[in-house]
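Observations on chain architecture
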Amino acid sequence: RVRPARGMTAGGARSAEKVGRRVSTCAFADAIARVSIAAHDAAVASLPDPERARLSSGQTVLASIVVRDGRGGGGENDRARVRVVALGAGTKFMTSSSIDSDARGVRVRDCHAEVLARRALKRFLYAQIDIARARRGTVADARSCVLERDARSNRWSIRPDVTFHMYTSSTPCGNATVKRWARGAKEVFDDALDESTPPPDAKTHEKPSFGSVHEGQLAFTYKRDKTALEDDGGEIRERGGGGGGDAAAGAAVHITGRLLSCSDKLAVWNCVGVQGALLLCENALSSPVYLASVTVGRKFNRAILRRALCCRMHRFRGTDAISVAEDGTAAEPRSRVFALNHPGTMCTAVPFDVGTYAPGEGANFDRADALVWWEGRDGGETRELIDARTGSRSFPRGDDDISGVSRAALLREHESVIGPVREASCYEDMKRRAGDASGYAAAKTAALSQPGLWVLSTTHHRAEVR
């Protein structure tokens, strides 16, 4: 279904998104985009004037996590429901020197939209565990809870009729933007599907052919921190405008750095899940949480996206081996299996940025403010603004400026909902112990050790996939 081209407007201005060139995969992809954009717009509209005004200039990237609940809403029209549970909008990240100074983990180091959405999803999952375990909240909370008790492990598992879907308004930075080694056919709209039904074969990916590994076909790259570089050698591809000393997300990804590109992070998450290590510890989730689909707006190319997000990890064999318990003793293997996930890849022609550029002007991604939002307990919602240059919360103001999606805040939430991991003294120690006990650490190491990933980049001993 081709939507009308916005093209040139009166006075010679041109639309920010060339939606006339895009074809949606199906109505489900458009539904995912619409609910995501609506949730973003509602979050922005709820801000007071000064903060709302700051988000009205320039361009940004939006990413969200959408839950598809197969139980529907009840009544006569009992179709599967989709709702946004986490979202992020941002295009910046902290410089390497600022990251090094954040010893306590109180700053949000990477404010790219996809990363913020995933961190917000963690807050949502903690809230869901709290609702499910304590039977807290309203009747509506109980019905919308995505968890159920896993009888085998006495932990919590995602209900079988619930799936998670990511939307991003633009192709993730990194490998997914490198238009080499693959050709993409134009999408054909599938009008046999309604807004609640994803394509049945979306997760079936063709067998990959990788004949240019030495050229970087599978390569991991870093977000380019201009303040940490002496020259411009080694860049891969520009994603958009911006730059300067504040490590703009729009700048080209690079072969050295601290923060892996969003394409690379998604590739790792498709091996180990989006939940992280802590949520797989005792009394939490019984198995990894994988994305069922990724819907993209701008710069969609199915073949390239599949290569970047999952298929280049095709040698990852996963594991269910769990050799160390959280108290350091030997443990029996549990039924927690890590395996390569191939999410459905879909395009949407629904525009996120409906603005226009004046003649001679282009995209401006200089905005430092990032937005993060998540669904909480009792139908509550939390939204924050983060100064992506410093990683600190700029709204709402309080006794401190620590964001709810920072490592320090996630640690507090984990201890509040789940309890501390035994004998762990800090976030990194807790994460390490939980990762060792669940097999997450071994699976992540295996994912990062796949052949061909580091042919261009130097592995940084503190490179972050979070």
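For the structure itself, consult the block above.
Residues numbered from 1 in each chain as written. Predicted model: local features only at pLDDT ≥ 70, side-chain atom pairs only at ≥ 80, totals over all residues. Heavy atoms only, no water.

1. Notes on the overall build of the protein chain
Of the regular secondary structure elements, the protein chain holds 10 helices and 14 strands. In the protein chain, buried positions account for 56% of the 466 residues. For the protein chain, restricting intrachain contacts to residue pairs at least 6 apart in sequence, the fraction spanning at least 24 positions comes to 75%. Total accessible area on the protein chain stands at roughly 18,900 Å², and carbon and sulfur atoms take up 49% of it. (Helix = DSSP H or I, 4+ residues; strand = E, 2+ residues; numbered from the N terminus. Buried < 20%, exposed > 50% of the residue type's maximum accessible area, 1.4 Å probe, protein only. Contact = heavy atoms within 4.5 Å. Areas by Shrake-Rupley, 256 points an atom, 1.4 Å probe, with all protein chains shown as cover.)

2. Regarding helix α6 (residues 262–272)
In terms of burial, α6 is largely enclosed, as 11 of its 11 residues are buried. When α6 is considered as a whole, its buried residues turn out to be Cys262, Ser263, Asp264, Lys265, Leu266, Ala267, Val268, Trp269, Asn270, Cys271 and Val272. Positive backbone phi, approximately 95°, marks glycine 273, located one or two places after α6.

3. Digging into the nonpolar core
Counting 78 residues, the largest nonpolar core has Ile65, Leu121, Ile129, Phe164 and Leu285 as the members making the most contacts within it. If you tally residues by element for this core, the top one is helix α4 (residues 113–134), at 10 residues. When neighbours within four sequence positions are excluded, isoleucine 129 is seen to be in contact with Leu147, Trp156, Leu279, Asn283, Ala284, Leu285, Val417 and Ile418. Grouped together as the second largest cluster of nonpolar side chains are 25 residues, Phe28, Val44, Leu371 and Leu385 included. (Core = buried A, V, L, I, M, F, W, Y, C linked by side-chain atoms within 4.5 Å.)

4. Some words on the side chain of aspartate 150
When you line up the elements, aspartate 150 lands in strand β6 (residues 147–150). With a relative accessible area of 11%, aspartate 150 lands in the buried category. There is a polar contact of 3.1 Å between the side chain of aspartate 150 and the side chain of serine 286. The contacts of aspartate 150, once residues within four sequence positions are left out, are Arg155, Ser157 and Ser286. (Polar contact = N/O pair within 3.5 Å; in protein donor to acceptor, adjacent residues only side chain to side chain.)

5. Let's talk about the packing of aromatic side chains
This structure, assessed with the given rule, holds two aromatic pairs. Considering the side-chain rings of phenylalanine 220 and tryptophan 454, the 5.3 Å spacing of their centres and the 75° angle between planes classify their relative orientation as edge-to-face. A residue pair is termed long-range when its members are at least 10 positions apart, and phenylalanine 220 in the loop between β8 (162–170) and α6 and tryptophan 454 in the segment after α10 (440–448) qualify at 234 residues. Among the residues examined, phenylalanine 220 registers a relative accessible area of 0% and is labelled buried. A centroid spacing of 6.3 Å and a plane angle of 70° characterise the contact between phenylalanine 338 and tyrosine 440, whose relative ring orientation is edge-to-face. Within this pair, whereas phenylalanine 338 is found in the loop between α7 (302–309) and β10 (344–347), its partner tyrosine 440 is found in helix α10, the two being separated by 102 residues in sequence. Overall, tyrosine 440 belongs to the buried group, its relative accessible area being 5%. Positioned above the aromatic ring of tryptophan 156, the side-chain terminus of arginine 149 is 3.9 Å from the ring centre. (Phe/Tyr/Trp six-rings, centres within 6.5 Å; stacked < 30°, edge-to-face > 60°. Lys NZ or Arg CZ within 6 Å of the ring centre and 35° of its normal.)

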